[in-house]
Amino acid sequence: MHPSKIKAFICVVSFLVTFTIKDALCLRTIDLNGHWAVSSKNVSVPGTVPGSMFTALMAAGVIGDPYFRRNDEVYAWVGDMDWNYTRSFQATADLMSNPTVVLVCEGLDTVATVTVNNVTVGKTDNMFIRYVFDVKSALKLGDNVITIAFRSATQYVKEMATSMPYAILPTCVPHQYHGACGANLIRKTQCSFSWDWGPAFPTQGIWKDIYIQGYQTAVIRDVTTETTSSDGSWRLKVDVFMEPTAGGPVQGQLEVKLDGTPIVSSKSVTLDHDHSKVSFDISIPKSVSINEWWPNGYGNQTLYELFVFYTDALGTMNTRKLKIGFRTVELVQDYVSVNKSLGRTFYFRINGRPVFLKGSNWIPADSFLERVTRDRIYTYLKSAADVHMNAMRVWGGGIYEFDMFYEIADELGIMIWQDFMFACAMYPANDAFLASVRIEATQQVRRLKHHPSIIALSGNNENEKALVQDWYGTDINYTRYKNDYLKLYVDTIRTVVLAEDNSRPFLSSSPSNGMETEEEGWIARKPYDTHYGDIHEYMYLVPFYDPSQYRIPRLSSEFGLQSYPSYESLEPVYNQSDMDYWSDLNEYRNHHPFGNIEMMAEAIQYLNLPNCPDRKQRFKDIIFVTQIDQAIGIRTMTENYRRWQNRLDAQGQGNTMGALYWMLADIWQAPTWASLEYGGKWKMLHYYAAHFFAPTLISPYVDGDVLDVYVIMDELSVKEVRDPVSHTLSFQAKTNPRPFSLFDMNTWGSPHTGSDVKSGDFSGNLYIQMFTWDSFVMLKMWTVPFQLNSTAQSVFRRDVDVMVAESGCGRPRKCFLVFHLGNETSDLMSWLPLDTFSNADGLRKAIIRITDVKPRTASREFTISLTTDHPAAFVWLQAYGVKGRFSDNGILLYQPNMTLTFYAWEDVDVNTLKSSLTVKSLMDTYY
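Let's talk about the overall build of the chain
Then, in step 1: The helix and strand tally for the chain stands at 19 helices and 50 strands.
Then, in step 2: A compact globule built from 927 residues should have a C-alpha radius of gyration of about 30 Å, and the chain, at 29 Å, falls within 12% of that.
Then, in step 3: Taken along its principal axes, the extent of the C-alpha atoms in the chain is 90 × 65 × 65 Å.
Then, in step 4: Of all 927 residues assigned to the chain, the portion counted as buried reaches 62%.
Then, in step 5: The long-range fraction of contacts in the chain, counting pairs at least 24 apart against all pairs at least 6 apart in sequence, stands at 71%.
Then, in step 6: Accessible surface, the chain as shown: approximately 33000 Å² in total, 50% of it carbon and sulfur.

Next comes the structure, spelled out in structure tokens:
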């Protein structure tokens, strides 16, 4: 065998066995991750790359926990200084023999000058760009020194602001954010300058991999894929973006292989600077079985490994491996009426099937990105999947997430609505800024395109709405700001997306009116119209438990209420003197203007405020109350959205096909809109999400004086049906009814992982039971036969007062209802009080005991038995100091006994778990 072929063969074997992130096993590569010196003026400490100066200073003991108390303000000096990163490395003769030697910086944060041996090799000003610098002439054989001199982001934006011909609004964040000004003048994580849910830590550092690479001919920089389906067969388009050496053209061989299938394609290539993209358009025969990728709850998340090999004439091989999924995505925006006056639909079809988006919004998991591990992202996204979420919106004020985020989303079936990183501001539109954004958008689209989980790209978060509604005073110079908006999101970002990715829809903003926004010249008159696109909905100080308070959109991509994280989460960052709801530190910690007052004003609409004389216990009780309110409010909104998926009102509102609440997980320990606390502990909202996002949902509510009960089933195989007269859309079952059984229902404790998508509609019984707050005795049960022929259908309507009279309950404030499907004791249930808890009659403090804790056969699972002497609402268990979750929480105990399961996320013995457990209910907050 020729030596070059032997070399290539060794590279292939090595690649398949020990593939690494740089995809460069057979190139000359120097990994520069690891130890660096981090210095500024008189401060010099060891640092780790990837990393930032904050974590370097923490590790050296120069600063404490940045999240403690007011340390975001105390340590503001760190972000106001310039910091240098320096290290030495060895350049071997083998490396130096290559005609091209480059420094690859996958992520530098943010404004920096890069020198090698005191020779400037490049400058950076965009955190989201991969920079590749030619360093061959700066290198020497043996010892070399690289220095990356970072500018303070806060000082840089001050200089940028003075150089602007007009103000780029807003010039600063609200003072309650306790943040820094000018985030919109730098291409950096916008929330690192603070937000209403997070602190200001404008970092500097090397936040992604950095390495030196030497090569003879060409390297693979990016690989993108696109899957399309027609008549039962698939096409796979693969684009390989090469980076050849300077000078004349180079030759080589490119090969693409789809693992687990016979699909292989190769071609000889000639590459130079102007011809560096190689495309494969592969038609997959029907004889090759391809399994589709489905969202969570709709089928399997089948992924295939795609290998790309480049072998040059010298036998050197460069390789890349991706995991891809075969799926199609469509965003359907058809008129809902003949005269077009009632707006358009706005929903996603995945593999030809309409899918209701159920999920949340994602912000960065930490202010210090180097602390974000795969385990943390997996814990957060697995917690989302465990409560039936199938979608997540990556919000535009954070980062284009790490590769591992999208890989986990692919594995779990979490569809991603991906914003570009622009949020709640106007942005510059000068040539230099737009040129940088053009590179940013191109690189990010190419990096992310192969992920089947990503179903939509959106230009920004709320900037169209902010412009139209004059959030920041843009009306003074509206035409200028409008032109800037169009240059950035339409002329630049949209142009890049159309050139790079036709496999998923692009939206200019979120919220927007979708296609209607485009037809109005990309800036709609009302970019929050419920008849089009998506909306963001925040309704504070209204009766959050009343669904009539909320608008009915096509899709709600943000909505939420605040709550506090647990006392346990606050303990590491509060002093004991801070543990009071009205303490100065507690007020400081809530960056949402008047947020603490709002939460109390909302609470008193629904229940009585805690009144324990002990301030520490009262604070714990208030935390509990805020979590109740948040859970009830988001349940109310989400179930209302799900009930409206199959109908329109006379004004054209309805056909709602998505609910993404704000937000999934905290960036630090503070009151926010999240359902997961910093570190992953579930708030009450997250437990409630398991019910209101369940594939089969019983959704009762009181419509005026009438109880209306819906049954909603995601798993019905549906067809899209238009009424021939009104042209309204509904999603109806494809086949004849079949008997209902509990086997068909998927309770949230055992999420559906589905190897199939069920077909047919259901018939069965709904059981409605009336109880009073002062007894375990069921007063009356109504058995309601029903047949579903759509995914959301009202199966029962009755006057509440009539039901109360029939049951002998007396009056609504004494009563609550329990609902079951399948049989009158099934786990698939829901419940509804008939009045607010501030008016509840007969509800009193119950004695609730944990009577037994037993380990189960499964590792890290424990059975917990409860007893109560009285009906109890919002029964809440905690396992202090033990990481994990319960099978349910915030529950209604309407019978004397109940059994739950605790799923530990770490090894724990039964005695440790027993000693950690506490239980309380609503009435335990009153003294």
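Still more ground to cover, so stick around.
Some thoughts on the sheet that holds strand S8 (residues 112–116)
Then, in step 1: Spatially, the six strands line up as an open sheet ordered S3-S2-S5-S11-S8-S9, and their pairing is antiparallel. The open sheet has two free edges, formed respectively by strand S3 (43–49) and strand S9 (119–124), since each of these has just one partner strand. Strand-to-strand twist of the sheet, defined as the mean angle between neighbouring strand axes without regard to direction, takes the value 25°.
Then, in step 2: Here nine bridges tie strand S5 (residues 83–91) to strand S11 (residues 142–150), and the two strands are oriented antiparallel to one another. From the neighbouring strand, Phe89 faces S11, where its bridge partner is Asn144.

A word on the packing of helix H16 (residues 615–643) against helix H17 (residues 684–692)
Then, in step 1: For the pair H16 and H17, the least separation of the axes is 8 Å and the interaxial angle reads 25°. Comparing their axes, H17 and H16 come out roughly parallel. As H16 runs across H17, the sense of the crossing is right-handed. Of the residues in H17, those in contact with Phe624, Gln627, Ile628, Gln630, Ala631, Ile632, Ile634, Arg635, Thr638, Glu639 and Arg642 of H16 are Met684, Leu685, Tyr688 and Phe692.

Side note on the packing of helix H9 (residues 431–448) against helix H11 (residues 478–500)
Then, in step 1: Interaxial distance between H9 and H11 falls to 9 Å at its minimum, and their mutual angle equals 30°. The interaxial crossing formed by H9 with H11 has right-handed handedness. Across from Phe433, Leu434, Val437, Arg438, Ala441, Thr442, Val445 and Arg446 in H9, the residues of H11 making contact are Lys487, Leu488, Thr492, Ile493, Val496, Val497 and Glu500.
Then, in step 2: Class assignment for the residues of the contact of H9 with H11 results in nine nonpolar, two polar and four charged.

Re helix H6 (residues 153–163)
Then, in step 1: Where H6 is concerned, the buried positions are Ala153, Thr154, Tyr156, Val157 and Met160. Buried residues in H6, looked at end-on, bunch into an arc of 155°, giving them a common side. For H6, exposure combined with an orientation more than 90 degrees from the buried face picks out Lys158 and Thr162.
Then, in step 2: Those residues of H6 that are buried lie in contact with helix H4 (76–80) and strand S12 (193–195).

Details of empty space enclosed by the protein
Then, in step 1: Taken as a whole, this structure holds seven cavities of 30 Å³ or more when the rule is applied.
Then, in step 2: The space that makes up the largest cavity amounts to roughly 140 Å³.
Then, in step 3: Lining of the largest cavity is provided by 20 residues; of these, Thr189, Ser192, Thr203, Ser367 and Leu369 occupy positions nearest its centre.
Then, in step 4: The class makeup of the residues in the lining of the largest cavity is eight nonpolar, eight polar and four charged.

Topic: the state of the cysteines
Then, in step 1: Counted under the stated rule, the structure contains two disulfides.
Then, in step 2: Covalently, Cys172 is tied to Cys181 through a disulfide, its sulfur atoms 1.8 Å apart. Measuring handedness by torsion sign, the sulfur bridge of Cys172 and Cys181 sits at about -65° and is left-handed.
Then, in step 3: Taking the relative accessible area as the measure of exposure, Cys172 reaches 32% and is therefore partly exposed.
Then, in step 4: On the basis of relative accessibility, which here comes to 37%, the residue Cys181 falls in the partly exposed class.
Then, in step 5: The side chain of Cys809 participates in a disulfide bridge whose partner is Cys815; the two sulfur atoms lie 1.7 Å from each other. As the torsion about the S-S bond is roughly -115°, the Cys809-Cys815 disulfide counts as left-handed. In this structure, Cys809 and Cys815 share a single accessibility class: buried.
Then, in step 6: Free cysteine: Cys424, not disulfide-bonded; nearest cysteine sulfur from Cys191 at 11 Å.

A short note on the sheet that holds strand S14 (residues 205–206)
Then, in step 1: Taken together, the three strands give an open sheet; going across it, the order is S4-S14-S7, and neighbouring strands pair in antiparallel fashion. Each of the sheet's edge strands pairs with one partner strand only, and the pair in question is strand S4 (51–52) and strand S7 (108–109).

Digging into the packing of aromatic side chains
Then, in step 1: Counted under the stated rule, the structure contains 56 aromatic pairs.
Then, in step 2: Measuring from ring centre to ring centre gives 6.1 Å for Tyr400 and Phe420, while their planes differ by 75°; the resulting arrangement is edge-to-face. In this pair, Tyr400 is assigned in the loop between strand S27 (391–394) and helix H8 (403–412) and Phe420 in the loop between strand S28 (415–419) and H9, connecting sequence segments 20 residues apart. No difference in accessibility class separates Tyr400 from Phe420, as the two residues are buried.

Focus: the confidence of the model for the chain
Then, in step 1: Summing up the model confidence of the chain, the mean pLDDT is 93 and the portion of residues at 70 or higher is 93%.
Then, in step 2: The model gives residues 12–25 a pLDDT under 50, and that stretch makes 27 contacts with residues more than four places away or in other chains.
Then, in step 3: The model gives residues 736–760 a pLDDT under 50, and that stretch makes 77 contacts with residues more than four places away or in other chains.

Digging into the side chain of Ser556
Then, in step 1: Among the structural elements, Ser556 can be located in strand S32 (residues 555–559).
Then, in step 2: Within the structure, Ser556 has its side chain in polar contact with the side chain of Tyr641 (distance 3.3 Å).
Then, in step 3: Setting aside anything within four residues of it in sequence, one finds Ser556 in contact with Ile535, Tyr641, Gly658, Ala659 and Leu660.

So, the pairing of strand S45 (residues 861–868)
Then, in step 1: Counting buried positions along S45 gives six out of eight residues, so the element sits mostly inside the fold.
Then, in step 2: Two elements, strand S44 (residues 848–855) and S45, share seven bridges in a ladder whose sense is antiparallel. Note on S45: the bridge partner recorded for Arg849 is Thr867.
Then, in step 3: For S45 and strand S49 (residues 897–904), the ladder comprises seven bridges, and the chain directions are antiparallel. Residue pairing for S49: Leu866 is matched across the bridge by Met898.

Considerations on the pattern of salt bridges
Then, in step 1: Counted according to the given criterion, the structure contains 43 salt bridges.
Then, in step 2: Its salt-bridge partner being Asp109, residue Lys188 comes within 2.6 Å of it at the nearest N-O pair. Of this pair, Lys188 sits in the loop between H6 and S12 while Asp109 sits in strand S7; the two residues are 79 residues apart in sequence, bridging distant segments of the chain.
Then, in step 3: Look at Asp109 and you get buried, because its relative accessible area is 3%.
Then, in step 4: Ionic pairing is found between Lys277 and Asp239, a salt bridge with its closest N-O pair at 3.9 Å. Here Lys277, found in strand S20 (residues 277–284), pairs with Asp239, found in strand S17 (residues 233–244); they are 38 residues apart in sequence, far enough to count as distant.
Then, in step 5: The exposure class of Lys277 is partly exposed, given its relative accessible area of 46%.

Notes on helix H15 (residues 595–603)
Then, in step 1: Buried residues dominate H15, accounting for seven of its nine residues.
Then, in step 2: For H15, the complete set of buried residues consists of Gly595, Asn596, Glu598, Met599, Met600, Glu602 and Ala603.
Then, in step 3: In this fold, the buried residues of H15 make contact with helix H14 (584–589) and H16.

So, how was this worked out
Residues numbered from 1 in each chain as written. Predicted model: local features only at pLDDT ≥ 70, side-chain atom pairs only at ≥ 80, totals over all residues. Heavy atoms only, no water. Helix = DSSP H or I, 4+ residues; strand = E, 2+ residues; numbered from the N terminus. Rg over C-alpha atoms; globule rule 2.2 N^0.38 Å. Buried < 20%, exposed > 50% of the residue type's maximum accessible area, 1.4 Å probe, protein only. Contact = heavy atoms within 4.5 Å. Areas by Shrake-Rupley, 256 points an atom, 1.4 Å probe, with all protein chains shown as cover. Pairing = 2+ DSSP bridges. Axes fitted to C-alpha atoms, helices over the stretch in contact; angles between N-to-C directions. Parallel < 35°, antiparallel > 145°, perpendicular 65-115°, else oblique. Left-handed = near helix turned anticlockwise from the far one by under 90°. Nonpolar A, V, L, I, M, F, W, Y, C, P; charged D, E, K, R; others polar. Arc of directions from axis to C-beta. 1 Å grid on protein atoms, 1.4 Å probe; cavity = no way out; pocket = protein on both sides within 12 Å on 5 of 7 lines; lining within 4 Å. Points joined across faces, edges and corners; volume = space filled by probe spheres on them. Disulfide = S-S within 2.5 Å. Phe/Tyr/Trp six-rings, centres within 6.5 Å; stacked < 30°, edge-to-face > 60°. pLDDT = per-residue confidence, 0-100. Polar contact = N/O pair within 3.5 Å; in protein donor to acceptor, adjacent residues only side chain to side chain. Salt bridge = Lys/Arg side-chain N within 4 Å of Asp/Glu carboxyl O.

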